[in-house]
Amino acid sequence: MSVKVKRLLCILVLAVVVFGWFVTGFGIGSVDSVKDALKYGLDINGGVYVVMEAQTDLTGDELDKLMDQTRAVLDNRVNQMGVAESSVTIEGDKRIRVEIPGVEDAEEAIESIGRTAQLQFILADGSVVVDGSHVKDASIATDGAYYKILLEFDSEGAGLFEEGTRKAYNNEVTSAIDGMQSNQIAIVLDNEIISHPNVNGVIAGGNCEITGQFTKDEASTTAALIRGGALPVELKEIQSSVQSATIGADALDKSIVAGAIGLGLVFLLMIIFYGMLGIVADIALLLYVVLFLWSMVAMGVVLTLPGIAALILSIGMAVDANVIIFARIKEEIAAGKSIRVAVSTGFKNALTTVLDAQITTLIAAVVLYEVGTTSVKGFALTLMIGIVISIFTAVVITQLFISLLADSKRFAKNKYFGVNEDGTPKQMLNKTFSFVKHRKIYYTVSIVIIVVGILFAFIGGMNYGIDFTGGTMIQIDMGEEVPIRDVEDALKEYDLDPSIIYAGDNNSQIVIKTIESLDNAQRAEIVDTLGQTWDISEQDVLASEQFGPSVGDELKSNAILAVIIASIGMLIYIIFRFKSWKYGFSAIVGVVHDVLVVIAFYAIFGYTVNNPFIAAILTLVGYSINDTIVIFDRIRENKVLHPKDGNEANIDRSLNQTLNRTIMTSLTTLIVMIPLCIMVSSTIREFIIPLMVGVIVGCMSSIFTCSPLYFDLCRSEEESKYVKSTKTAAKAKSKKNNLK
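The sections below set out a description of the structure shown in this document. (Residues numbered from 1 in each chain as written. Predicted model: local features only at pLDDT ≥ 70, side-chain atom pairs only at ≥ 80, totals over all residues. Heavy atoms only, no water.)

When strand E5 (residues 119–123) meets strand E6 (residues 128–131), the two strands line up antiparallel, connected through three bridges. The residue bridging Ile 122 from the neighbouring strand is Val 128, located in E6. Hairpin connection from E5 to E6: four residues lie between these consecutive antiparallel strands, with Gly 126 at a positive phi of about 95°. (Pairing = 2+ DSSP bridges. Helix = DSSP H or I, 4+ residues; strand = E, 2+ residues; numbered from the N terminus.)

Now the structure itself:
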């Protein structure tokens, strides 16, 4: 590519960055700013809630089982419809509360989730051919000017449907339904015939279409309801209202400001440590953020606390890709190569590392999305978007700008590429360390922390929050907006540690949630206490119920299963790429180590284990494996370049070569979190601090756990080679003596 073409492309990229940020911040024409265009979860921007009551006479265990099934179907349904990050909890005996982000109209929410979606295919005589339980999948496709619904039946349903179409096609039934002919099959949804097409032949194979002049939205909604499954019981709306953000008032505005400050600090840090290369990285990062945010808008992704975690992680990985490239280029220059050759060779050498690290994390994200539910899916989708865009910006955009600098007479100098005039690379740390030699100390420290954490968890128990335990909910109409801090102060004597948010029009209602199980008398006492400050009484209590955990057993088991399968997938990829099970085993042990240490942190310091806890653990899995792969890639390379050196020398060499990159990546990731931790709210602080601990632990385990463990796994190999060579030498000496 000629210099003129590169220059033109760079100008074009800069124009896109400037225009993109302008539209992102202010919007243009009919395009809203990204703040207005994004969808947000309940935790960030609130939404609506709907309380529905099951119409059933069941009691006891049968009722409990029915309500658990209903909650699971509703949870699945809102996810099928793209209403991600909802909260579905059981209140009392027969009521379910569904909290939905990104919806301002309660009626719309009820329409989306409250229908029974009982699908049936019936013949003209009223007999049922198949029902929704036989449907394996439902999707949509264009049908000329309209849309149609494509259905796939399971094996049993395929046989039943084939038999039903044979009867209709051969006119073997007598019409008993007004408007239907004997050669038709009616498609009935919620006891309403939505279509009764003619059967023009026997349909075998388990696939069919529903046509009926559907619009795209109608087809999508119907398909989602079918996929979501039928509710096992009819639900009746009891109450609905608007709800404020669960992480505090003005959380969105504060998060935006904090995120901007964190990003600005990352830009500044890159310039300070990398100079001209840092400016290039900042341009790529600016484009990355624009593409990331608008990709989320285009895909309708709901941004929540777990999403913010994935965004932070992906920003760190985007920076990391650039840092890996810069380090390689500096090494090539220090080796005596010209700037142009060093840039070309550095990119080539860095590409394998960048792709291995990103693809390994991408495998984890894909598995988490496919297996996980609710917050796990939201985290995984956000992370996948970030990984794909970070690869593009690092490999394409960064390379474009740096290659242009390398072709420039003015900037193709050592000082602009992070190298001193004497040819030595500029580093934060110039000292080398012997890591492997002290590995037993690292092992001991890790084991002690994990054991202490386990003891704290068994003796004192984990500090499970409302999401895991359920508790008591009281919703009160205060008549006006009252400061939540004043309500908290009024209830201090009860030691409830409550979660209090606004609800209703103009924030005139408050919802008090606590893990404590309060009886009627205790609830009445709380209302009386509030009545001493505000003009309220029992008549102003809109709801007062016990509620179940939003993080149910299914979500927990799915999250654990997702992490296990993701670990297996990463293990297989690492073994395939590195041609050794020892790399893969060491990396996965590092992931397990990091998870256990963070859980120990929660246990020892009593941090609340709520829904974001799952996101924190998932973030740790992604970050830890990314860092480890970068180091392992360098170990693999050094073993080829220095075959005569032992594993200890090569591992120490690799750790020292990547140490500056490891510190820089961790530093930039932490810097993004700090403003969020300080500026937003105590709720987000309880989420961010363990996340920061996880980043630090993930960084340290790659150095102090995974790499030394790989050394120990290889020791037997080295020792066996030594023993073998010793025996060979002894035999040779014996033969020589015999010849004498």
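For strand E16 (residues 509–514), a buried count of six out of six residues is recorded, marking the element as mostly surrounded by other parts of the structure. Judged by which residues are buried, E16 turns out to be covered on both faces: Gln 509, Val 511 and Lys 513 on one side and Ile 510, Ile 512 and Thr 514 on the other are all buried. Inspection of the sheet shows strand E15 (residues 499–503) paired to E16 by five bridges, in the antiparallel sense. Bridging across to E16, Tyr 502 finds its partner in Ile 510. (Buried < 20%, exposed > 50% of the residue type's maximum accessible area, 1.4 Å probe, protein only.)

Moving on, we get to the sheet that holds strand E10 (residues 192–195). Reading across the sheet, the four strands line up as E6-E5-E9-E10 and stay open at both edges, with antiparallel pairing between neighbours. Sheet topology places E6 and E10 at the edges, where each strand pairs with a single neighbour. Across the sheet, the mean angle from the axis of one strand to that of its neighbour is 35°, orientation sign disregarded. Where E5 and strand E9 (residues 185–189) come together, five bridges link them in antiparallel fashion. Note that in E9 the partner of Leu 123 across the bridge is Ile 185. Sitting on the sheet, helix H6 (residues 155–169) touches E5, E6 and E9, and the angle it makes with E6 is about 150°. (Axes fitted to C-alpha atoms, helices over the stretch in contact; angles between N-to-C directions. Contact = heavy atoms within 4.5 Å.)

Below, the discussion takes up helix H15 (residues 520–531). Along its twelve residues, H15 runs 16 Å from first to last C-alpha, staying within 8% of the 16 Å computed at 1.5 Å per residue. Where H15 starts, the residue carrying a side-chain oxygen 3.2 Å from the main-chain nitrogen of Ala 521 turns out to be Asp 519. (Expected span 1.5 Å × (residues − 1). Polar contact = N/O pair within 3.5 Å; in protein donor to acceptor, adjacent residues only side chain to side chain.)

Turning next to the environment of Gly 470. Inspection of the secondary structure puts Gly 470 in the loop between helix H13 (466–469) and strand E14 (471–477). By relative accessible area, Gly 470 is classed as buried at 1%. In this structure, the C-alpha to C-alpha distance between Gly 470 and Gln 546, residues 76 residues apart in sequence, is 7.6 Å.

Our focus in this paragraph is the pattern of salt bridges. Scanning all chains against the criterion turns up 19 salt bridges. Across the pair Glu 163 and Arg 166 runs a salt bridge, and its minimum N-O distance is 3.1 Å. Here Arg 166 and Glu 163 lie together in helix H6, a separation of three residues that amounts to about one turn. Residue Glu 163 is classed as partly exposed on the basis of its relative accessible area, which comes to 37%. A salt bridge links Arg 661 to Asp 320, with the nearest nitrogen and oxygen atoms 2.6 Å apart. Taken together, the residues Arg 661 in helix H19 (residues 647–679) and Asp 320 in helix H9 (residues 305–334) connect sequence positions 341 residues apart. Taken individually, Arg 661 and Asp 320 each receive the classification buried, so the pair is uniform in this respect. Beyond isolated ion pairs, a larger network of salt bridges with shared partners links Asp 356, Arg 577, Asp 633 and Arg 636. (Salt bridge = Lys/Arg side-chain N within 4 Å of Asp/Glu carboxyl O.)

The topology assignment puts Thr 165 in helix H6. Within the structure, Thr 165 has its side chain in polar contact with the backbone oxygen of Glu 162 (distance 2.9 Å). With residues near it in sequence (within four places) discarded, Thr 165 still touches Ile 185, Val 199, Gly 201, Val 202 and Ile 203.

Take a nonpolar patch on the surface next. A contiguous nonpolar patch, built from Val 257, Ile 261, Leu 265, Leu 268, Ile 272, Phe 273, Leu 667, Ile 674, Ile 678 and Met 679 and spanning about 840 Å² of accessible area, is present on the exposed surface. Ranked by the residues each element gives to the nonpolar patch, the list is headed by helix H8 (residues 251–299), at six residues. Within the fold, Ile 272 resides in helix H8. (Patch = residues over 30% accessible without salt bridge, like charges linked within 9 Å, V, L, I, M, F, W, Y side chains within 5 Å. Areas by Shrake-Rupley, 256 points an atom, 1.4 Å probe, with all protein chains shown as cover.)

The subject of this paragraph is the nonpolar core. Judged by nonpolar contacts, the single largest core of 136 residues is most densely connected at Met 270, Ile 402, Phe 417 and Ile 688. If you tally residues by element for this core, the top one is H8, at 19 residues. When neighbours within four sequence positions are excluded, Ile 688 is seen to be in contact with Ile 312, Met 673, Leu 676 and Cys 677. (Core = buried A, V, L, I, M, F, W, Y, C linked by side-chain atoms within 4.5 Å.)

Bringing the sheet that holds strand E11 (residues 207–214) into the picture now. Overall, antiparallel pairing links the three strands, which are arranged E7-E8-E11 in an open sheet. Each having just a single partner strand, strand E7 (135–143) and E11 make up the two edges of the open sheet. Geometrically, the sheet is characterised by an average inter-axis angle of 25° between neighbouring strands, direction not taken into account. Of the strand pairs in this sheet, E7 and strand E8 (residues 146–153) are connected by eight bridges, and their pairing is antiparallel. Within E8, the residue paired with Ser 139 across the bridge is Leu 150.

Another aspect to go through is the packing of aromatic side chains. What describes a pair of aromatic rings is the distance from one ring centre to the other and the angle between the planes of the rings. With the rule as written, the count across this model stands at 19 aromatic pairs. Considering the side-chain rings of Phe 433 and Phe 435, the 5.8 Å spacing of their centres and the 50° angle between planes classify their relative orientation as tilted. With a relative accessible area of 31%, Phe 433 lands in the partly exposed category. A relative accessible area of 5% means that Phe 435 is categorised as buried. The interplanar angle of 45° and the centroid separation of 5.0 Å between the aromatic rings of Phe 578 and Tyr 583 together place this pair among those described as tilted. (Phe/Tyr/Trp six-rings, centres within 6.5 Å; stacked < 30°, edge-to-face > 60°.)

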